[in-house]
Each structure stands twice: as C-alpha cells, then as structure tokens.
Protein chains: 2
Amino acid sequence: MMKSTKAEGKLIIVEGVDGSGKSTQIRLLEKWLRYAGVPVFFTEWNSSEQVKEIISKGKKRNLLTPTTFSLLHATDFAARYERNILPLLRAGYVVLADRYIYTAFARDVVRGCSPEWVRHVYGFAVKPDLAFYFRVPVEISFDRIVKNRPKLKYYEAGMDLNLSNDPYESYRIFQGRIVEQYESMVEKEGFTVIDGTVDIEEQQKHVRQKVMEMLPRQRNQRAVAK
Amino acid sequence: MMKSTKAEGKLIIVEGVDGSGKSTQIRLLEKWLRYAGVPVFFTEWNSSEQVKEIISKGKKRNLLTPTTFSLLHATDFAARYERNILPLLRAGYVVLADRYIYTAFARDVVRGCSPEWVRHVYGFAVKPDLAFYFRVPVEISFDRIVKNRPKLKYYEAGMDLNLSNDPYESYRIFQGRIVEQYESMVEKEGFTVIDGTVDIEEQQKHVRQKVMEMLPRQRNQRAVAK
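Computed from a prediction, not measured in an experiment: that's the story for all the values here.

What counts and how
- Residues numbered from 1 in each chain as written.
- Chains lettered and ligands numbered in written order.
- Predicted model: local features only at pLDDT ≥ 70, side-chain atom pairs only at ≥ 80, totals over all residues.
- Helix = DSSP H or I, 4+ residues; strand = E, 2+ residues; numbered from the N terminus.
- Buried ≥ 20, exposed ≤ 12 C-beta atoms within 10 Å, placed from the backbone.
- Contact = placed C-beta atoms within 7 Å.
- Pairing = 2+ DSSP bridges.
- Axes fitted to C-alpha atoms, helices over the stretch in contact; angles between N-to-C directions.
- pLDDT = per-residue confidence, 0-100.
- Nonpolar A, V, L, I, M, F, W, Y, C, P; charged D, E, K, R; others polar.
- Expected span 1.5 Å × (residues − 1).
- Arc of directions from axis to C-beta.
- Parallel < 35°, antiparallel > 145°, perpendicular 65-115°, else oblique.
- Least-squares fit on C-alpha atoms with pLDDT ≥ 70 in both.
- Bend = angle between axes of the 7 residues up to and from the residue.

Engineer: Got a minute to help me understand the overall build of chain A in this structure?
Structural biologist: On a plain count of helices and strands, chain A comes out with nine helices and five strands. In sequence order, the secondary structure elements of chain A are arranged as β-α-β-α-α-β-α-α-β-α-α-β-α-α. A total of 226 residues make up chain A; the buried ones form 42% of that total. Across chain A, every contact between residues at least 6 apart in sequence was considered, and the portion connecting residues at least 24 apart equals 77%.

See the structure below:
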C-alpha cells in the first residue's frame, strides 16, 4: 500500500518545540506562496476530526499509556496523510505541515517508546522535501509559552512522565528532553536549521530562500516576480 | 519499554474466522480453569472502553482507511495489553485472549497493509504460550454466521474492499482471504490447530489436553483432580 509516488508536489514541514516560532513562520510562508499563485495545502499535527475527540477525551481522563498515546497520534497522522497529504502531493500541491513524523519521534521516545518502534509505525510516510527545524534555547521557548498561558495542560507539561510535581518545572524538563531528541535528528534526517531567536523577518527570509531553491523553476519565477 | 518479563503467568489465545467456534471453546476453557481454582483473566478483541467508541463511529461513517483502521485496532490492543494483559501475566494469571495480534496480521494484510508494517506495529506484544487456531472450511463458518444474522455489517462483510456489491458474497471472499492469511501463519507462529468441524466436546478435550501439558505441575494437578 501507500507506496510513495509523490509526482509533482512538494512537502515542506516545520518542527521545533512549542514557542520555537515554527507556526508563525510556516503561516507566513503559506501566505507568500498563495500570493505567488502556488497551490498550497496546510495541515497541522493532531487535527484529524475523527481522532481529535478521542485523544482529547483520553487526555482529560489521563487514561493514555505511552503506547496508546503514540498510536492515537499515529492514527490521526495516518488519517490526514492518506486523505489529504498524499493525494494533494500527487495532485501537485505544495503541502505545508506544521509538525510531521519527527514530532512523534521526539515526543514518543521521551515518553518511553522505543525509537525503532515509533519509526516503524510511521514507516508509511514519505520523507519531506524540506524539513525546517527551529532551534531555540529551552529558556526562550519556555518564556514565550508561559507568558501567554496562565495554566499548562497535563500532557502538554509532560506530567505523565513524573518529572516534577510542579507543572512548569515538569514542562521545562520535558521540553529539554524533546530538544535533545530533535538535535539528535538534525543531521540524520537532514533538517534545515533556522535560528529561532532572531527577528521574525530574518527567519522568514531564510525560509523563503530555501523554499525557492527547491521549488520547480516555473513556480520559482512566479514567486520571485512578486 | 514494555520488555517482556512475563514471570509466572501464561498467555493462551484463540484465533480463527467468525463462526470457527473459537469463542465457545475459550469460554469453556475459562470455566474449567476457574473451577480448578486457576486465576484467570479473559480479554477480547476490540473491547477497550477508550477506543471502542471511536472505532464504532469511524465504522458508521465509513471514514476509515486501511492504515487508520489498523492503527485504531492497535491502539485498542495496546490499551488492553498495557493495562490488563501484561500486568496480569506478571501477577501470575492465566490470561485468555479471544483473538490476539494474529487477527490484526490477517485482517490488516487482507485490507492492504504491508505484512511487515503490521508486525512492527504490534512489535511490543509478547508471543502467547499457547495459540489455538480453529480451522474450518469457509462454507461452514459462513453458514454458522449467516444463519444467526439477518444482516452483515459493512466492515464485517469487508465491503470496504470492493470485493462484491453483495454483502454475503463480499463476506465469503473476505473470509476466504483471512483463512489464507491464517493458514500461512500456522507453522511460522506455531499455532496449535483445532479441527473446528468436530463436536464441541471433542474440541474442548483437545484444548484442555494442550493446556494441561503447558500449565505448571501444581495447577495441572489441581485441574486434573476435578
């Protein structure tokens, strides 16, 4: 099944911890591409209608184990992958994904799943054409998130890992471990690293540059013409 | 995670198509073991409270793809495995499972998933100590099921596979393919084959014989004493 004949489309994904600025950047990229007339589809982690509900219920009741947590997210991803991502790639779209399989590789492993097992579960997914990783020190992403949120959610803070009874301390440790996982993937997975601490405009310039290098000439020119 | 220190417990599972008689047999086995004072836990496929609902919803709306279908069942299994099966094996129970990972291996592959992928997804599960496979010709299991049911459900009949517009014909073809998958596993997975066409009592005698050979001496003797 699902053998990857991607045809014309391109898959561009962003990864990084919460507060790394990746969502801001991919939304800016989306606008820019649309403005240039490129057919774009945007998709984000944990958003399939079918699976969202049960994940949210399981979270509320703290019923999930690392394996069920991982498999539910994989189900959500598979639903979006088979219904949206793959067909649209085949139809020639530029598909933009806010988080991709590497989010699972990082989070699930921190939660205790075997790295090989998680990679096998997501074995059906194609590699992206361009994977941006937004690198920021944990203290900075932590400040960005905590400032905007009066309360951290149980799983968001990694409270299921028993790292600390204080949600903020737990979150800080949890995010630190996720950063470690991301960093260990940078080379192996061929991430394009963006410095998430510099100006939003500066980052976006870098992102667009990389995208232009990759897009087929025709689109490239149209994009440049704007 | 989940490395398999099974300790004292024993895992006995039954497999076979619907109408093969496996559920009748494992229930009889359960009663016999309980009567003999053996600590028994019974679990069946697709029964985790958390996941049941979403599978049933997805089925109603015919929203599932082979991959999401497979992953949802894996989630259900993982929930039961981590919360019940593994802890009870560790506590020394005899765990009886009506369908185990081989059901997924058979069904998901017939639905189009890669055999290797499905096996990896279930890679966290221990091998059973005893795996009974109830072998019956498709015509017999078909008659048993169809007699008791005025209508076949969409997924039950394998209608998602577009084998036939007639649910009964689709079901017959679907079950035939599942039997092929089971048969291909008999040797490799070390199934104990039970002839599902003979008397219920005759089958049960065979089943108990195999279970007695496997259970530790002490229990064995208590069971025999009855």
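Engineer: For this particular structure, what's the right way to read the sheet that holds strand S5 (residues 192-195) of chain B?
Structural biologist: In sheet architecture, strand pairing relies on hydrogen bonds along the backbone and comes in two forms, parallel and antiparallel. Residue and element names in this part refer to chain B. Read from one edge of the open sheet, five strands run S2-S3-S1-S4-S5, paired in parallel fashion. Looking at which strands have only one partner, the edges of the open sheet turn out to be strand S2 (40-44) and S5. Going across the sheet, the axis of each strand differs from the next one's by a mean of 20°, ignoring polarity. With five bridges connecting them, strand S1 (residues 10-15) and strand S3 (residues 94-98) associate as parallel partners. By the bridge assignment, Lys10 is partnered in S3 with Val94.

Engineer: What is the right way to look at the environment of Val121(B) in this model?
Structural biologist: Inspection of the secondary structure assignment puts Val121(B) in helix H5 (residues 115-121). A tally of 28 C-beta atoms within 10 Å means that Val121(B) is categorised as buried. Put simply, Val121(B) and Leu71(B) are 50 residues apart on the chain and 8.0 Å apart in space, counted from C-alpha to C-alpha. Each residue touching Val121(B), except ones within four places of it in the same chain, is listed here: Val121(A), Ser70(B) and Ala74(B).

Engineer: Would you mind going over the confidence of the model for chain A with me for this structure?
Structural biologist: Low pLDDT marks stretches whose predicted atomic positions should not be read closely. On average, chain A scores 89 in pLDDT, and the residues at 70 or more come to 90%. Reported confidences for the modelled complex are a pTM of 0.86 and an ipTM of 0.81.

Engineer: Just to check I follow, could you spell out the interface of chain B and chain A for this structure?
Structural biologist: One widely used convention gives an interface's size as the accessible area the parts lose upon coming together. On the side of chain A, 25 residues touch chain B, which itself brings 26 residues to the contact. Of all the secondary-structure elements, those providing two or more residues to the side of chain B that touches chain A are helix H2 (49-60), helix H3 (66-90) and H5 of chain B. Considering each element in turn, the side of chain B that touches chain A owes the most residues, ten residues, to H3(B). The class makeup of the residues in the side of chain B that touches chain A is 15 nonpolar, ten polar and one charged.

Engineer: Quick question: what am I supposed to make of helix H1 (residues 22-35) of chain A here?
Structural biologist: Think of an α-helix as turning once every 3.6 residues; residues three or four places apart then point the same way. Residues and elements named next belong to chain A. Its 14 residues place the ends of H1 20 Å apart at the C-alpha level, agreeing with the 20 Å of an ideal helix rising 1.5 Å per residue. Here H1 has its buried residues at Lys22, Gln25, Ile26, Leu29 and Leu33. Take H1 and look down its axis: the buried residues cluster within an arc of 95°, on one side only. In H1, the exposed positions angled more than 90 degrees off the buried face are occupied by Lys31 and Tyr35. The inward-facing, buried residues of H1 contact strand S1 (10-15), strand S2 (40-44), strand S3 (94-98), strand S4 (130-135) and helix H8 (200-214). Residue Gly37 follows H1 closely and has a positive phi angle near 85°.

Engineer: Honestly, the packing of helix H3 (residues 66-90) of chain A against H3(B) in this entry has me stumped. Any pointers?
Structural biologist: For any two helices packed against each other, the geometry comes down to the angle between their axes and how far apart the axes lie. Running from amino to carboxyl end, H3(A) crosses H3(B) at an angle of 175°, the nearest separation of the two axes being 9 Å. The orientation of H3(A) relative to H3(B) falls into the category roughly antiparallel. Together, Thr67(A), Thr68(A), Leu71(A), Leu72(A), Ala74(A), Thr75(A), Ala78(A), Ala79(A) and Glu82(A) of H3(A) and Thr67(B), Thr68(B), Leu71(B), Leu72(B), Ala74(B), Thr75(B), Ala78(B), Ala79(B) and Glu82(B) of H3(B) make up the contact between the two elements. Residues belonging to the contact of H3(A) with H3(B) are distributed by class as follows: ten nonpolar, six polar and two charged.

Engineer: How should the relation of the copies chain B and chain A be read in this particular structure?
Structural biologist: These two copies of the chain differ by a rotation about an axis and a displacement along the same axis. Mapping chain B onto chain A calls for a screw motion: a turn of 180° about the axis and a shift of 0.0 Å along it, with 0.0 Å RMSD after fitting. The operation mapping one copy onto its partner corresponds to a two-fold rotation axis. Measuring from the rotation axis to each C-alpha of chain B, the shortest distance belongs to Val121(B), at 2.7 Å.

Engineer: Please explain H3(A) as it appears in this structure.
Structural biologist: All names here are of chain A. With 25 residues, H3 ought to run about 36 Å at 1.5 Å a step, and its terminal C-alpha atoms sit 33 Å apart, in line with that. Approximately 50° is the largest bend angle found in H3, and it occurs at Tyr81. Taken across its 25 residues, H3 has 19 buried, putting it largely inside the fold. One or two residues past the end of H3 sits Gly92, with phi positive at roughly 95°.

Engineer: In this structure, what is going on with the sheet that holds S4(A)? I would like to understand it.
Structural biologist: All names here are of chain A. Spatially, five strands are ordered S2-S3-S1-S4-S5 in an open sheet, and the strand pairing comes out parallel. Each edge of the open sheet carries a strand with a single partner, namely S2 and strand S5 (192-195). Sheet twist, expressed as the mean angle between neighbouring strand axes with direction ignored, is 20°. Sheet strands touched by H1: S1, S2, S3 and S4. Its angle to S3, the strand with the most contacts, is close to 165°.

Engineer: I'm lost on the environment of Thr43(A) in this one. Help?
Structural biologist: All names here are of chain A. On the secondary structure map, Thr43 appears in strand S2. Among the residues examined, Thr43 registers 20 C-beta atoms within 10 Å and is labelled buried. A sequence separation of 52 residues divides Thr43 from Val95, and the C-alpha atoms of the two residues are 7.6 Å apart.

Engineer: Just checking my understanding: could you explain unusual backbone geometry for this structure?
Structural biologist: Peptide bonds are, in most cases, trans, and in most cases residues other than glycine have a negative phi. All names here are of chain A. Phi is positive for Arg99, close to 80°, though the residue is something other than glycine. As for its position among the elements, Arg99 is in the loop between S3 and helix H4 (101-110). Notably, Asn162 is not glycine yet its phi reads approximately 55°, a positive angle.

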